[in-house]
Amino acid sequence: MNGIRIAPSILAWDLGDLEKAVEISVRGGADQIHLDVIDGHFAPNITFGAGTVKALRPRTDLKFDTHLMIENPQAYVEKFLDAGSDIITFHAEVLNGGSFDELQRVVRGRGREVGLAFKPKTEVPRWALDRLDKISTLVVMTVNPGFSGQTLDPSVLPKVQQVREYIEEKGLGTDIEVDGGVEPENVHEVVRRGGNVLVAGAGVYGKKDPVGAIAALRERAESARRKL
Ligand code: DX5
Ligand code: ZN
């Protein structure tokens, strides 16, 4: 299994001061920054787009993990590549094998990584399992897409475990990112089920000491890992 990585979600910070959100992630030693792009169609919120990603790009060398919760990723993928996204995650609900293949060719053609995300109630489709060698990260959402600050739905954790077992069986190095409601209190269980990339919005930016919260999450995750 790949190492633990902490990915703070800047959606949980003051959207008028995202530069500060990036600075907190850098100072806290985050591994990557999670950028939640929502279009008001795929999920009931509108956040920010490629222009914001581009504006933040010069602020850090940390990987930009761009989570596209949008209905028409084909129309925008190039913009997010141009903006400097390192990982671009698409949602399985708006794709099939063929449309995924086209998108992944575009992303990998530019030397970037592809993620594939699932809403809490979405089972991982066959076409996705058949293409795991082209996917660097499976993003299992543990809240409904839209907002930071929701509670992790524990009924999704068996899905994390199933995909982890499948990946291990096949001997693949796919990361499993758990996104939604990750907090110090549930990190142990998330890691035990097989998550290794932990997104945390409120779990970092909602804390009194967000810089320290990143290290605290990592410490808990590493300790859970050692007990596996
Ligand atoms: C929800 C987003 C999540 C969310 C994470 O639509 O995909 O990344 O912002 O925030 P928390 O950790 O607060 O649930
Ligand atoms: Zn997200």
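As a convention, each chain's residues are numbered from 1 in the sequence order in which they are written. Chains and ligands are labelled sequentially in the order written, the chains with letters from A and the ligands with numbers from 1. In keeping with the model being predicted, local features are shown solely for residues with a pLDDT of at least 70 and side-chain atom pairs are shown and tallied solely at 80 or more, while totals for entire chains, interfaces and linings include all residues. Side-chain figures throughout are based on the complete set of non-hydrogen atoms in the structure, without hydrogens or water.

Asker: Would you mind showing me how to read the packing of aromatic side chains here?
Answerer: Any pair of aromatic rings gets described here by the distance separating the centres and the angle formed by the planes. Working definition: a ring pair exists when centres of Phe, Tyr or Trp rings (six-membered ring for Trp) sit within 6.5 Å. Plane angles under 30 degrees give stacked, over 60 give edge-to-face, the rest tilted. Scanning all chains against the criterion turns up two aromatic pairs. Aromatic side chains Trp13 and Tyr205 sit 5.6 Å apart centroid to centroid with 55° between the ring planes, which places their arrangement in the tilted category. Placement of the pair is Trp13 in the loop between strand S1 (5–8) and helix H1 (18–28) and Tyr205 in helix H8 (residues 202–205), with a sequence separation of 192 residues. On the accessibility criterion, Tyr205 (5% relative accessible area) is buried. A cation sits over an aromatic face here: Arg57 above Phe64, 3.8 Å from the ring centre. Two conditions define a charge located above a ring, namely a distance within 6 Å from the ring centre to NZ of Lys or CZ of Arg, and an angle within 35 degrees of the ring normal. The aromatic ring of Phe42 is capped on one face by Lys119, whose charged end is 4.8 Å from the ring centroid. A run of DSSP states H or I qualifies as a helix once it reaches four residues; a run of E qualifies as a strand once it reaches two. Both are numbered from the N-terminal end. The buried label applies to any residue whose accessible area, calculated with a 1.4 Å probe on protein chains only, is under 20% of its type's maximum; exposed applies above 50%, and partly exposed to all values in between.

Asker: Sorry, what's going on with the site of ligand 1 here?
Answerer: In the vicinity of ligand 1 lie 19 residues, with Asp36, Gly146, Ser148, Asp179 and Gly201 positioned nearest. Distance and chemistry together define a polar contact, namely a pair of N or O atoms within 3.5 Å, with one atom able to donate a hydrogen and the other to accept it when in protein, and with adjacent residues in sequence counting only for side-chain atoms on both sides. A distance of 2.8 Å separates an oxygen atom of ligand 1 from a polar atom in the backbone of Gly146. In the model, an oxygen atom of ligand 1 is placed 2.6 Å from a nitrogen or oxygen of the Asp179 side chain. Here ligand 1 loses 100% of its free accessible area of 380 Å² to cover by the protein chains. Lys, Arg, Asp and Glu make up the charged group, whereas Ala, Val, Leu, Ile, Met, Phe, Trp, Tyr, Cys and Pro make up the nonpolar group; the residues left over, Gly among them, are polar. Here the shell around ligand 1 is composed, by residue class, of eight nonpolar, nine polar and two charged. Think of it this way: one heavy atom of a residue within 4 Å of a molecule or strand is enough to make that residue near it. Accessible areas in this description were obtained via Shrake-Rupley with a 1.4 Å probe; residue shielding takes into account the shown protein chains only.

Asker: Please explain the environment of Glu113 as it appears in this structure.
Answerer: If you trace the backbone, Glu113 turns up in strand S5 (residues 113–118). Once the C-alpha coordinates of Glu113 and Ser9 are considered, the two residues, 104 residues apart in sequence, prove to be 18 Å apart. A polar contact is formed between the side chain of Glu113 and the side chain of Ser136, at a distance of 3.0 Å.

Asker: Any chance you could explain the packing of H1 against helix H9 (residues 210–226) here in plain terms?
Answerer: If you want to describe how two helices pack, look at the angle between their axes and the distance between the axes. Helix axes are fitted to C-alpha atoms over the stretch in contact, other axes to C-alpha atoms as well, and angles between N-to-C directions run from 0 to 180 degrees. The contact between H1 and H9 brings their axes to 8 Å, and the two run at 45°. The orientation of H1 relative to H9 falls into the category oblique. Relative to H9, the crossing made by H1 is right-handed. Where H1 abuts H9, its residues Ile24, Ser25, Arg27 and Gly28 lie against Pro210, Val211, Ile214 and Ala215. Throughout, the term roughly parallel applies to angles under 35 degrees, roughly antiparallel to angles over 145, roughly perpendicular to angles from 65 to 115, and oblique to all others. Here is the rule for handedness: rotate from the far helix to the near one, and if that takes an anticlockwise turn smaller than a right angle the crossing is left-handed, while a clockwise turn gives right-handed. When checking whether two residues touch, look at their non-hydrogen atoms; a contact exists if any pair is within 4.5 Å.

Asker: Can you help me understand helix H6 (residues 157–170) in this one?
Answerer: A helix is expected to span 1.5 Å for every residue after the first. Across its 14 residues, H6 extends 20 Å between first and last C-alpha, which sits within 8% of the 20 Å expected from 1.5 Å per residue. By the burial criterion, the buried members of H6 are Leu157, Lys159, Val160, Val163, Arg164, Tyr166 and Ile167. The inward-facing, buried residues of H6 contact S5, helix H5 (126–129), strand S6 (137–141), strand S7 (175–179) and helix H7 (187–192).

Asker: Would you explain the coordination of the zinc ion (ligand 2) in this entry?
Answerer: When a metal holds four donors in a tetrahedron, each ideal angle between them is 109.5 degrees; when it holds six in an octahedron, the ideal angles are 90 or 180 degrees. We call an atom a donor if it is N, O or S and sits within 2.8 Å of the metal, or 3.2 Å for Na, K and Ca. Water is not counted, so some sites may look partial. Looking at the zinc ion (ligand 2), the protein donor atoms are His34 (NE2), Asp36 (OD), His67 (ND1) and Asp179 (OD), and they sit 2.0 to 2.3 Å from it. For a four-donor site, all angles between 85 and 135 degrees give tetrahedral; for four or six donors, opposite pairs above 155 degrees with the remaining angles between 65 and 115 give square planar or octahedral; all remaining cases count as irregular. If you look at the zinc ion (ligand 2), its six donor atoms make angles of 70 to 171° with each other, and the shape they trace is octahedral. Read N to C, the donor residues that coordinate the zinc ion (ligand 2) are spaced as H-x1-D-x30-H-x111-D. One end of the pair, Asp36, is in strand S2 (residues 32–38); the other, His67, is in strand S3 (residues 63–69), and 31 residues separate them in sequence.

Asker: Explanation requested: the nonpolar core in the structure shown.
Answerer: Within soluble globular proteins, side chains that are nonpolar tend to cluster in buried spots. To form a nonpolar core, buried Ala, Val, Leu, Ile, Met, Phe, Trp, Tyr and Cys residues must be joined to one another through side-chain atoms within 4.5 Å. In terms of nonpolar packing, the biggest core is built from 62 residues, with Ile10, Leu35, Ile88, Phe90, Leu116, Leu138 and Leu198 touching the most fellow members. The biggest single contributor to this core is H6, with five residues. Here Leu116 is in contact with Thr89, Phe90, His91, Ala92, Leu95, Phe100, Trp127, Ala128, Ile135, Thr137, Leu138 and Val139, once residues within four sequence places are set aside. Among the nonpolar cores identified, the runner-up in size contains six residues, and Ile38, Phe42, Met141 and Val143 belong to it.

Asker: What am I meant to see in the pairing of S1 here?
Answerer: Across a regular strand the side chains alternate sides, sitting on one face of the sheet and then on the other. Residues Arg5 and Ala7 line one face of S1 and the alternating positions Ile6 and Pro8 line the opposite face, and both faces are buried. For two strands to count as paired, DSSP must find a minimum of two bridges between them. Direction of pairing for S1 relative to strand S8 (residues 197–200): parallel, over a ladder of four bridges. Residue Arg5 lies in a different strand from S8, and its bridge partner there is Val197.

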